[in-house]
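Architecture at a glance
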Amino acid sequence: MWFSLPLCLSVCICVCLHDYMLGCGVCVCVSMPSFTAPANAQIVHSGAACNVKDDNMSERIYTIKEGDTLVLQCIVKGHPRPQVRWTKTAGSASDKFQETSIYNETLRIEGIQRVQGGRYYCKADNGVGVAAIKSIRVDVQYLDIPVLTVHQTISDVRGSYYQEKTVFLRCTVNSNPPARFIWKRGDMLIEQSKDNGVDIYEPLYTQGETKVLKLKNLRPKDFADYTCQVSVRNVCNIKDKSVTFRLTNATSPPMIRLSVNDTVVVDPGQDVRITCEVTAGFPLPIVTWSRYPGPLPLSAQVRGESLILRAVTPADAGFYNCTAVNNVGNPARKNVNLVVRSNNLTFQITPDSNKDSETIQMGRDLKLSCHVDATPQDKVNYTWYKNGAPVFNSDSLILLRSDPDMAPGTSSLEIVDMKFRDLATYSCMASFSGSTVRELRVDVNISQNSVSPPVLTVPPGRQAVSVREGGNAELVCLVVDGKPRPPILWSRTEKDLLMPSGKPTVETPDGRLRLKNVSRDMMGAYRCQTAPYNGLNIKRREAQVQLNVQYPPILDPVFQDVRSRNYQMVTLRCTILRSNPPRLTDIRWFRNGDFIRMPMPDLKETPELKFKLEPTNNGSYECRVSNTEGTSACTFNVSGESQPYNAEFYFDTPNPVRILKGNNYSYNLQWTQKEPDATDRIIGYWINVRKNKQNLLSKQIDLKGKTPEKGVLMSYAVSDLKIPLSYEVRLAPITTYSTGDYVSRIIQYSEHHVCGFEDERICGFSQDRSDIFDWTRQNHLTQNPKRSANTGPDTDRSGTKEGYYMYIEASRPRTQGDKALLLSPLFNITSSKGPKGRVPYCVSFYYHMKGKHIGTLNVYLRVRSIASVDRAMWTKSGHQGPDWKKAFFDVTPSGPFQIVFEGIRGSGFEGDIAIDDVSITRGECKGGNPTRKSVSEAVSVHVSVWRDSNSLQVREDIAREEVKNTVFKIIYIYICSFACICVC
């Protein structure tokens, strides 16, 4: 991670690559990095969670009850502010399941359903480094009402139903987690061990969770009320569910009968009434209706046991199912096939297929086929006529009721070894018995001149059709020869693309495909083919037509705000993303609506305008790019020494809240300035603090001659805020000539200025990836009941069972010397000094070190720079008593820093070390500051700490020598750095 350092040089920072024994060596000038931090993410919950835990994969598991509200919040860090996107395993976190956008930091799903469980991912990206991705597994808990069904052995179907029979009561439920089953007879619990007449078991190969109660050789007391109670042990406060069934000697499965035949053929427009009569079954069965395929038509009405369909259409055809259920035996089902007659009659003429012929020839076979789209086909009656006379089977004429070589239900007439006497007009008549629909008839004239193969062609100049987007187009494929002339089928040449109508093919009787409101996604090649019906059944003729959708150029940017200082060169670039036709006809630049006279630009190059910005040429610039279909424009709002760019808030300030007197607090607001050098020098900022859209504070922040640098954090303490209210803060930069636009954010009161690790986010602390194991967050309620009582705290520092703390677990598999490092949030300060030197920070915390095997607790100051350095600031080893103790010390970091807590495991398992209530605040520690360490002492601690397998030793003699060498190195580096600055 890089951070800007506000040195006197604004162009470069000089780094000496040296060896103090050999001399300064090489000076390298490197560019000053901007203050950018890659995105970091963490998922927390704030909804109706039943439980949140970590599994063995260190992934969080969020348990929630079905129907509750799921709220996941992605806590992001990084600068600029990262953009957040939510996704889900096997699909997206779709908007239809939530109230907020998937691009919001908070994912909210009202009334979550079981199918919405799974792994949710939060991806945070700000364009710096690799995007941060965190996941959480959502486990939706539910318990359905159980279903109880009664069955008998198959061998018992002959006698009375329940006399001396074996009966099975099957109870099935869907649940998460798995349910526990309890059987009751009346109010008495059924226990298999106490009743030889029952058997309780779990069957194999069943859907859901199932328990079976087997009643062996029914006894009089077995006729009773049976209750199946299911429980998930009150997880997520889900109450037990139950179902009761009364078993009597009259209990019987359902039986039904229909008022109509299995197949009902009706004409379009008729009303249909189907009644499903229950003839047996106790308890009284419940009747339901369904349809396959698809749901019941919207016009369907269910009245009791009857289904009524009004004014049926061919779309209403299908199988209608009546089901009667009383949970005894299997449900009773009856199906009705509803056929709505159709009038789509087609024919085919098939020349002798054995000879690969495409024309009618004497002495060869010929087949005439006739087909009606109807279901079922056996309800269609076909009759063939020759010159008006019925055709009967003979040696030369063969009738096929259902031709196996054609589509199902196709009737064919085969003419064998065709003679001149067979040249005639043949008619196919399709009729529907018992229907009012008129008969359908098609006539086919068979003669040597009346039948010829088709010739398909695209008219000259119509192979490619160009149309402007939004207009209408006509694609044409004509059958210029052939008898009879078949219809034309249109489709896209790319097999995965559908026609604009949404269908794979479209039939046109005249070969003209008409498209309206053409869009660019309709552009491409279209295939036209002769249909295999209503003509010769031969190899299909086909051709292609290219649809070319033309539109004006698509440019980027459509609008751009360009700001620069006067008398600087400005470049405006208008990129052409797409254009059809691609050839441009004109490029023109305008300023404030006036044409800019300039040499004709190269139409093959990206349009670009370069000029020196002056007070007289500020304004709106427009690049108009044209092709034959129209003109598009890029617009640039160019200003010099005027309105500056917006400020960009920094949202990851650690512990920004400080408590003041009188129930007030202050907030440390931080931000960076976007492109501070692009406009006139920024001299200050306007800050507005608002509550309920009313200004409480409006003040100018004076930079006192300092100029904002790109990427360098600026701070302002907003004071006199009331606990616990939140406020809107608005900030706008000021130059000599103008004020920039306001940006706003909400600041909130938070009591996490002292981190007690009560929140799962642990106040932004993080585990170091380079250590051996991790610190663990725990409270009294989550402690392992088998833990050793001779080590570790019983409660947190406040003494409450609910309070959390962080600790290292010394039990197996930990071994002596294993380290765990816990990192504080990064405090993004610069190397600027206060009136009395570097700004001090107070670090305070409570520690608990009880046990005979206690190792070591070290606290380091880690300063982030080109190479991060850890400096030991505090250390304790061994048993420190049974109580929490407080420690505090001052640090004066030279740049962005973190506090590192290092726990080292001692010689045995009774060595748990804990910390709590960590505070890192600006200013010196108050109330008995510890003695300040001298420079030599601080360095001595840093360089003279050695760890061996037995203890932590401080070797004073070697340390003093190391101090001398280190001080000499520091002085030498400063000398070299001064020389490097001069070189740069």
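Preceding this section is the structure that the text describes.
Residues numbered from 1 in each chain as written. Predicted model: local features only at pLDDT ≥ 70, side-chain atom pairs only at ≥ 80, totals over all residues. Heavy atoms only, no water.

Helix and strand counts for the chain come out as two helices and 76 strands. By residue count, 43% of the 984 residues in the chain fall in the buried class. A separation threshold of at least 6 residues defines the contact pool for the chain, and within that pool the share at least 24 residues apart is 68%. (Helix = DSSP H or I, 4+ residues; strand = E, 2+ residues; numbered from the N terminus. Buried < 20%, exposed > 50% of the residue type's maximum accessible area, 1.4 Å probe, protein only. Contact = heavy atoms within 4.5 Å.)

Take the sheet that holds strand 71 (residues 869-877) next. As summarised here, the arrangement of the five strands in space is 63-66-73-70-71, forming an open sheet in which the pairing is antiparallel. Because the sheet does not close on itself, it has two edges, and the strands there are strand 63 (766-767) and strand 71. Sheet analysis places strand 70 (residues 856-863) next to strand 73 (residues 897-904), joined by eight bridges and oriented antiparallel. Bridging from a neighbouring strand, Asn858 pairs with Glu902 of strand 73. (Pairing = 2+ DSSP bridges.)

The omega angle of the peptide bond from Phe282 to Pro283 is 0°, so this bond is cis rather than trans. Following the sequence through the fold, Pro283 ends up in the loop between strand 23 (272-282) and strand 24 (286-292). Looking along the chain, the bond that leaves Asn580 and enters Pro581 is cis, with omega of 5°. Within the secondary structure, Pro581 is located in the loop between strand 49 (575-580) and strand 50 (586-591). A positive phi angle, close to 55°, is found at Lys704, a residue other than glycine.

Let us look at the nonpolar core. Phe757, Trp775, Phe845, Leu857, Phe901 and Ile915 are the most contacted members of the largest nonpolar core, which totals 33 residues. Put simply, the parts of the chain that give this core at least two residues each are strand 65 (804-808), strand 66 (819-823), strand 69 (841-849), strand 70, strand 71, strand 72 (885-891), strand 73 and strand 74 (913-922). Considering every element that reaches this core, the biggest residue donor is strand 69, with five residues. Ignoring anything within four residues of it in the chain, the contact list for Phe845 reads Leu857, Val859, Trp874, Lys885, Lys886, Ala887, Phe889, Phe901, Asp916, Asp917 and Val918. (Core = buried A, V, L, I, M, F, W, Y, C linked by side-chain atoms within 4.5 Å.)

You can see Pro708 is positioned in the loop between strand 59 (694-702) and strand 60 (714-722). Using a relative accessible area of 5% as the deciding quantity, one classes Pro708 as buried. Residues Pro708 and Thr672 lie 36 residues apart in sequence; the distance between their C-alpha atoms is 8.0 Å. Apart from residues lying up to four places away in sequence, Pro708 is in contact with Gln673, Pro676, Ile682, Tyr685, Leu703 and Met714.

Let us look at the packing of aromatic side chains. Considering all chains together, one arrives at twelve aromatic pairs under this definition. Taking 6.0 Å as the distance between ring centres and 65° as the angle between the ring planes, the aromatic pair formed by Tyr805 and Trp884 counts as edge-to-face. Taken as a pair, Tyr805 in strand 65 and Trp884 in the loop between strand 71 and strand 72 lie far apart in primary sequence, 79 residues in all. Classification of Trp884 as buried rests on a relative accessible area of 17%. One aromatic cluster in this structure is built from Phe845, Tyr847, Trp874 and Phe901. Geometry around Tyr551 places Arg520 over its ring, the cationic atom sitting 4.2 Å from the centre. In this structure, Arg624 packs its charged tip against the face of Phe590, placed 3.8 Å from the ring centre. (Phe/Tyr/Trp six-rings, centres within 6.5 Å; stacked < 30°, edge-to-face > 60°. Lys NZ or Arg CZ within 6 Å of the ring centre and 35° of its normal.)

Turning our attention to the pairing of strand 23. With five bridges joining them, strand 21 (residues 252-258) and strand 23 adopt antiparallel strand pairing. Within the sheet, the bridge partner assigned to Arg257 lies in strand 23 and is Glu277. As defined by bridge partners, strand 23 adjoins strand 26 (residues 306-309) across four bridges and the pair is classed as antiparallel. Counterpart to Val272 in the pairing with strand 26 is Leu309.

Here the focus is the sheet that holds strand 62 (residues 743-747). Overall, antiparallel pairing links the four strands, which are arranged 59-58-61-62 in an open sheet. Strands with a single pairing partner mark the edges of an open sheet, and in this sheet they are strand 59 and strand 62. Taking the axes of each pair of neighbouring strands and ignoring which way they run, one obtains an average angle of 25° across the sheet. (Axes fitted to C-alpha atoms, helices over the stretch in contact; angles between N-to-C directions.)

Now for the state of the cysteines. With the rule as written, the count across this model stands at seven disulfides. A disulfide bridge connects Cys477 with Cys528, and the sulfur atoms are separated by 1.8 Å. Measuring the twist about the S-S bond at about -45°, one finds the Cys477-Cys528 disulfide to be left-handed. One end of the pair, Cys477, is in the loop between strand 39 (473-476) and strand 40 (478-483); the other, Cys528, is in strand 44 (residues 524-530), with 51 residues separating them in the sequence. The same class applies to Cys477 and to Cys528, which are both buried. With no disulfide of its own, Cys623 has Cys574 as its nearest cysteine by sulfur position, at a separation of 4.1 Å. Taking relative accessible area as the criterion, Cys623 reaches 0% and is therefore assigned buried. (Disulfide = S-S within 2.5 Å.)

Before going further, it helps to examine the pattern of salt bridges. A full pass over the atoms with the stated rule returns 36 salt bridges. As a salt-bridge pair, Asp195 and Arg185 come within 3.6 Å of each other at their nearest N and O atoms. On the criterion of sequence distance, the pair formed by Asp195 in the loop between strand 16 (188-189) and strand 17 (198-201) and Arg185 in strand 15 (residues 180-185) is long-range, its members being ten residues apart. Each member of the pair, Asp195 as well as Arg185, is classed as buried. For the salt bridge of Arg219 with Asp195, the shortest nitrogen-to-oxygen distance reads 3.1 Å. Taken together, the residues span a long stretch of sequence, with Arg219 in the loop between strand 18 (209-215) and strand 19 (225-231) and Asp195 in the loop between strand 16 and strand 17 at a distance of 24 residues. (Salt bridge = Lys/Arg side-chain N within 4 Å of Asp/Glu carboxyl O.)

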